[in-house]
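Working through the structure, step by step
For reference, the chains in residue letters:
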Amino acid sequence: MISDSQLIREIKDGNIEWYAELISRYEKKIFTFVLHMLRQAHLEHMAEDICQETFYKAYRSIHSFRDVEATFSTWLYTIARNTVLSELRKSRNSDVYLEDTVQIPVASDERMPEQQLLRVEREVLVRQAINNLPEKQRSALILREYEQMEYNEIATILDLTVSSVKSLLFRARQSIKTQLESYMMDACLEEAEGMNKR
């Protein structure tokens with residue numbers, strides 16, 4: 001399989017048909033990321049257009065892309081994020097939230113119905129806690145935990161230092177922990193009471 005760097009060299013050399021390969025590699029990921037950012041602002045209908053605009057902007061700027069500074073995917077996510085934020089500013093609604101259909105990463109196993117209900121309830125609460133985070137914390141957390149990006153990639157996308165990204169992630173996790181503490185205490189008490197009744 002040809003690498004992104006090789007594809008970009010081909011495109012820069014005038015073989016623009018290779019750009020379709022780059023699009024096919026990244027369109028689902030970029031679309032999902034854009035959808036995450038637009039969902040709570042109720043602008044999901046714009047996700048496809050913004051995704052296309054992202055690829056168009058990347059194509060127009062491909063000759064300025066330097067793979068020694070960032071990977072193509074990091075560069076592309078940066079373009080996507082900036083395009084979404086620009087559109088949100090135009091719409092005067094700059095809150096970026098985690099979409100409700102995203103599954104919170106959990107170990108899968110067979111559970112009793114009440115445990116499944118508790119898991120769904122926990123997922124909703126975690127999602128709400130993430131949505132309550134400030135935009136940069138939320139973006140950093142989504143990129144790290146859901147997109148599985150490295151710190152340096154997130155730093156490039158958010159235009160921050162790696163230490164700032166780590167700090168954002170720490171604060172985001174602490175905030176989520178604080179928001180969920182009362183729920184976790186209640187769940188533990190309910191579980192203990194349930195065991196005493198048996």
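Bear in mind the structure is a predicted one, so any value in this text is a computation, not a measurement.

Quick look at the overall build of the protein chain
In terms of regular secondary structure, the protein chain is built from eight helices and zero strands. Taken from the N to the C terminus, the helices and strands of the protein chain come in the order α-α-α-α-α-α-α-α. Among the 198 residues that make up the protein chain, the fraction classed as buried is 40%. Put simply, 64% of the contacts in the protein chain that link residues at least 6 apart link residues at least 24 apart. A total of about 12000 Å² of accessible surface is found on the protein chain, and carbon and sulfur atoms cover 50% of it.

A few points about the nonpolar core
Ranked by internal contacts, the top residues of the largest apolar core, which has 51 residues, are Leu22, Ile30, Val34, Leu38 and Phe72. For this core, the elements supplying multiple residues, two or more each, are α1 (4-12), α2 (19-38), α3 (47-60), α4 (72-90), α5 (113-131), α6 (135-146), α7 (151-158) and α8 (162-197). Apart from the residues lying within four places of it in its own chain, the contact partners of Phe72 are Asp4, Ile8, Leu22, Tyr26, Ile62 and Phe65.

Some details on the packing of aromatic side chains
Any aromatic ring pair is given by two values, namely how distant the centres are and how the planes are angled relative to each other. Counted by the stated rule, this structure contains six aromatic pairs. Here Phe65 and Phe72 contribute two aromatic rings whose centre-to-centre distance is 5.9 Å and whose plane-to-plane angle is 90 degrees, an arrangement assigned as edge-to-face. By relative accessible area, Phe72 is classed as buried at 3%. Connected via pairs of aromatic rings, a cluster forms that spans Tyr26, Phe65, Phe72 and Trp75. We note Arg144 situated over the ring of Tyr151; from NZ or CZ to the ring centre the distance is 4.0 Å.

Considering the side chain of Asp4
Note on placement: Asp4 falls in helix α1. For Asp4, a relative accessible area of 16% corresponds to the buried category. For Asp4, the side chain forms a polar contact with the side chain of Arg25, separated by 2.6 Å.

Topic: the pattern of salt bridges
Within this structure, the stated rule accounts for six salt bridges. Among the ionic pairs, Glu21 bridges to Arg25, the shortest N-O distance being 3.0 Å. Pair noted here: Glu21 and Arg25 are both in helix α2, with a separation of four residues, about one helical turn. For Glu21, a relative accessible area of 30% corresponds to the partly exposed category. Residues joined by salt bridges that share partners form a network here, namely Asp4, Glu21 and Arg25.

Looking at the confidence of the model for the protein chain
Mean pLDDT over the protein chain works out to 82, with 82% of the residues at or above the 70 mark. The lowest-confidence element of the protein chain is α5, averaging 78 in pLDDT; the highest-confidence one is α3, averaging 95. Per-residue pLDDT stays below 50 along residues 100-104; that stretch engages in 15 contacts with residues further than four places along the chain or on separate chains.

A closer look at the environment of Leu35
Looking at the element boundaries, Leu35 is found in helix α2. A residue is classified by how much of its surface remains accessible, and Leu35, at 13% relative accessible area, is buried. Once the C-alpha coordinates of Leu35 and His45 are considered, the two residues, 10 residues apart in sequence, prove to be 8.8 Å apart.

Cut-offs used in this document
Residues numbered from 1 in each chain as written. Predicted model: local features only at pLDDT ≥ 70, side-chain atom pairs only at ≥ 80, totals over all residues. Heavy atoms only, no water. Helix = DSSP H or I, 4+ residues; strand = E, 2+ residues; numbered from the N terminus. Buried < 20%, exposed > 50% of the residue type's maximum accessible area, 1.4 Å probe, protein only. Contact = heavy atoms within 4.5 Å. Areas by Shrake-Rupley, 256 points an atom, 1.4 Å probe, with all protein chains shown as cover. Core = buried A, V, L, I, M, F, W, Y, C linked by side-chain atoms within 4.5 Å. Phe/Tyr/Trp six-rings, centres within 6.5 Å; stacked < 30°, edge-to-face > 60°. Lys NZ or Arg CZ within 6 Å of the ring centre and 35° of its normal. Polar contact = N/O pair within 3.5 Å; in protein donor to acceptor, adjacent residues only side chain to side chain. Salt bridge = Lys/Arg side-chain N within 4 Å of Asp/Glu carboxyl O. pLDDT = per-residue confidence, 0-100.

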